[in-house]
Amino acid sequence: FLFAFEAVKKERSGMRRRRERENAMLDALYNGFAGLVGTLNDLMYSYLLIILLLAAGAYFTIRSKGVQLRLLGESVRVVNEKSGDTKAVSAFEALMVSTASRVGTGNIVGVANAIAIGGYGAVFWMWLIALVGGATAFVESTLAQIYKKRSVKGGSYGGPAYYIQAALGSRSLGIIFAVALIATYAVGFNMLASFNLIDSMSSYHFYDTFVTASGAHLLPIIGGALLALLVGVCIFGNGNRIVKVTGVLVPVMGLLYIVMSLVVVFMNIRIFPSVIANIFRDAFNFKAAFSGFTGSCIMWGIKRGLYSNEAGVGSAPNAAAAADVSHPVKQGLVQMLSVFIDTLLVCTATAMMCLCTGIEPSDSLKGAPFVQASLEHTFGVVGPYFITIALLLFAFTTLLGNLFYCEGCLNYIAGRTLSHRQMNVFHALACVVVFVGAQMKFGLVWDIADVLMGIMALINLPVILRLGGTAMHALSDYMKQRHEGKDPVFRAKNIGLKEQTDYWN
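For every chain, the first residue of the written sequence is number 1, and numbering continues from 1 onward in sequence order. Only residues with pLDDT of at least 70 get local features here, since the model is predicted, and only at 80 or more are side-chain atom pairs given and counted; chain-wide, interface and lining totals rely on the full set of residues. The side-chain numbers reported here are obtained from all heavy atoms of the structure, hydrogens and water having been left aside.

**Comments concerning the side chain of Thr-184**
Operational definition: Per the convention used, a helix needs a DSSP run of H or I reaching at least four residues, while a strand needs a run of E reaching at least two, with both numbered from the N terminus. Relative accessibility thresholds used throughout: buried, under 20% of the residue-type maximum; exposed, over 50%; partly exposed, between the two (1.4 Å probe, protein chains only). What qualifies as a polar contact is a pair of N or O atoms within 3.5 Å, subject to a donor-acceptor requirement within protein and to the restriction that residues adjacent in sequence count only when both atoms come from side chains. Contacts are assigned to residue pairs that have any heavy atoms within 4.5 Å of one another.
Note that Thr-184 resides in helix 8 (residues 171-199). Relative accessible area serves as the criterion here: at 0%, Thr-184 is assigned to the buried category. A polar contact of 3.1 Å, which involves the side chain of Thr-184, links it to the backbone oxygen of Leu-452. Those residues in contact with Thr-184 that sit more than four places away from it in its chain are Phe-189, Leu-452, Met-453 and Met-456.

**Structural notes on helix 15 (residues 328-355)**
Filter applied, for reference: Every helix has an expected span of 1.5 Å times one less than the residues it contains. To obtain the bend at a residue, axes are fitted to the seven residues ending there and to the seven starting there, and the angle between these axes is taken.
The first and last C-alpha atoms of helix 15 sit 40 Å apart over 28 residues, in line with the 40 Å expected at 1.5 Å per residue. Within helix 15, the axis deviates most sharply at Thr-348, by approximately 30 degrees. For helix 15, the tally of buried residues reaches 25 of 28 residues, placing the bulk of the element in the interior.

**Topic: the nonpolar core**
Inclusion rule: Note on terminology: a nonpolar core comprises buried Ala, Val, Leu, Ile, Met, Phe, Trp, Tyr and Cys residues joined through side-chain atoms within 4.5 Å.
Among the nonpolar cores identified, the biggest contains 145 residues, and Phe-138, Tyr-163, Tyr-257, Ile-279, Leu-333 and Ile-387 are the most heavily contacted of them. The dominant element in this core, judged by the number of residues it contributes, is helix 19 (residues 442-483), at 21 residues. Dropping the residues within four chain positions of it, Tyr-163 is found in contact with Glu-140, Leu-143, Ala-144, Tyr-147, Leu-168, Pro-317, Asn-460, Val-463, Ile-464 and Leu-467.

**Overview of the state of the cysteines**
Definition in use: We call a pair of cysteine sulfur atoms a disulfide whenever their separation is within 2.5 Å.
Throughout the structure, instances matching the rule amount to zero disulfides. In this structure Cys-354 is a free cysteine whose sulfur lies 9.7 Å from that of Cys-356, the closest cysteine sulfur available. A relative accessible area of 0% places Cys-354 in the buried class.

**Some remarks on helix 6 (residues 121-146)**
Its 26 residues give helix 6 an end-to-end C-alpha distance of 38 Å, which sits within 8% of 38 Å, the value for a rise of 1.5 Å per residue. Most of helix 6 is tucked away, with 24 of its 26 residues classed as buried.

**Quick word on the side chain of Asn-318**
With respect to the helices, strands and loops of the structure, Asn-318 is situated in helix 14 (residues 316-320). By relative accessible area, which is 9% here, Asn-318 ends up buried. In this structure the side chain of Asn-318 is engaged in a polar contact, spanning 3.0 Å, whose partner is the backbone oxygen of Gly-314. When near neighbours in sequence (up to four residues on either side) are disregarded, Asn-318 contacts Gly-158, Gly-159, Pro-160, Leu-181, Tyr-405 and Cys-409.

Purely spatial values, then, with no claim about function.
Shown next, in the form of C-alpha cells:
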C-alpha cells in the first residue's frame, strides 16, 4: 500500500512539473508574440502613420479648400435626402452603419487610455486628426461611390477593394486590402470590443465572486459566451437586418451619452476652464510631447483618434458605396459628418467626463475603470452602471457594423455573392472570435487591433492620394451644379472619367 501511495505521489508530482513546464512555455510564447506585436505597433505609429495621416489630411484639406468646414452645413442637408429605391440603403442608413462601427468601445475606453497614458494634450491631437481626417473621409467615400457596383438584388456595393481594382487595375491589391479589412474588423476590432465590455465589469465587487479554486476568473468566460450568443442571434440573417438594428440603436445611444457628459460638465463647471487650458497647454508642450515619443500625447491622441474615427483606414467607404444618392459627393459629405460625430462629439464627451471630475489620469487608472471612477465621483454608484450599459450598446453596434463591412469584402475575394450558408460559416467563426476576445489581456488585444488597423491605412492612404484628383473633380462638378440651382446629378463623362462605372455612365 505504501509503495503504491508513493508511486501515485511521484506520478502526480511529475504531472505537476510537466504542467508547469507547459505553462511556462505558453507564457514565453505569449510574451514573445505580445512583444513582437507591441514593437510593430510602436514602429507604425511613431513614424509611418502619423506622418502619412497628417500629410494626407492636410493635402486634401488644402486641395478641397477646407471641404470639411466649408460644406459642413451642406452635409447636414444631404443626410436627410430619401432614397428613391426601396431596396437600396439611404444616405442616412449608410451614415448609421459607418457611425455604428466608428462609435464603439474605443470612444470610451480608447479615449480614457489616451488621456491616462498621454495626458490632457492627447485630447487636442484627437481633435486635430478629426478635423484634417474629415477631408480624407470625404475623398475615400466619394471614390467608393464613383466606383461602386450594381447589385442584382437591387442597390449597390463597393469600397476600397473595388476602387483599387477599377482605377488601378490591380485585383491582387484589392484582395490584399479585403483580407486586411476582414482581419481587422472580424478579428482585431471585434476581440477588442468584447474585451472592453468584459473589462468594464472588473471594477464591480461581484467580479471576484466568479473565481475558480485555481484563481481563474469565470466572468470573461460567461460574459463572452453570452455576448457571442447575442451577436449570433442578430447576425444569422441578411445584411439589411444589421442596417435596421444599428439604425435604431446608434442615435439613441449617442444622444444619451452626450447628454450625460453635458450634465457632468455643468455639475463641475468650475473645473471646466482649467481643463480646456490644460488640454492646450499640454498639447503644445513639445518637450514633454517628443521625449519618449511612444508614450506622448501626440502619438496617443493620433492613435486613438484614428481608431475612433477611422478616417483614411478604408472602412467607412464600404458603407458609403451602399447608399443610393444622385451624386457621389453627397455621400462623401455624409461620411465626413460621421467623423465629426464620432470624435468631436462622442470622444469629447468621454474626455470631459473624465477630466471635469477632477480625478487625475494615470497609467494605473485607465480604460473603462477610469471613466467609471469619474462618473462615480459625480453620480455615485449609478455612474459605473451607466458606463457599463453604454459599453454594452457601443460594443454591440460595433460588432454588427464591423461584420457588415466584412461581408462585402468576402464577396469581393470570392468574386461572387456568397450563399447564405457560406456566409453563416463566417458568422459562426465571428461569434467564436467575440468569445475569445473576452479572454484576452489588455496590452495584447489593443496592440493587435492597432497593428491591423495600421496595415489597412498603409494600403488605403497611398491609393486615395493617387486617386484624389478624381474626387476633387467630382467635388467641382457638384459645386458647379449647386451654384446653378440644381440638385446635382453625376455622370462619369462630366469629369472625364475614362474607367467604366456601373452607375454613372
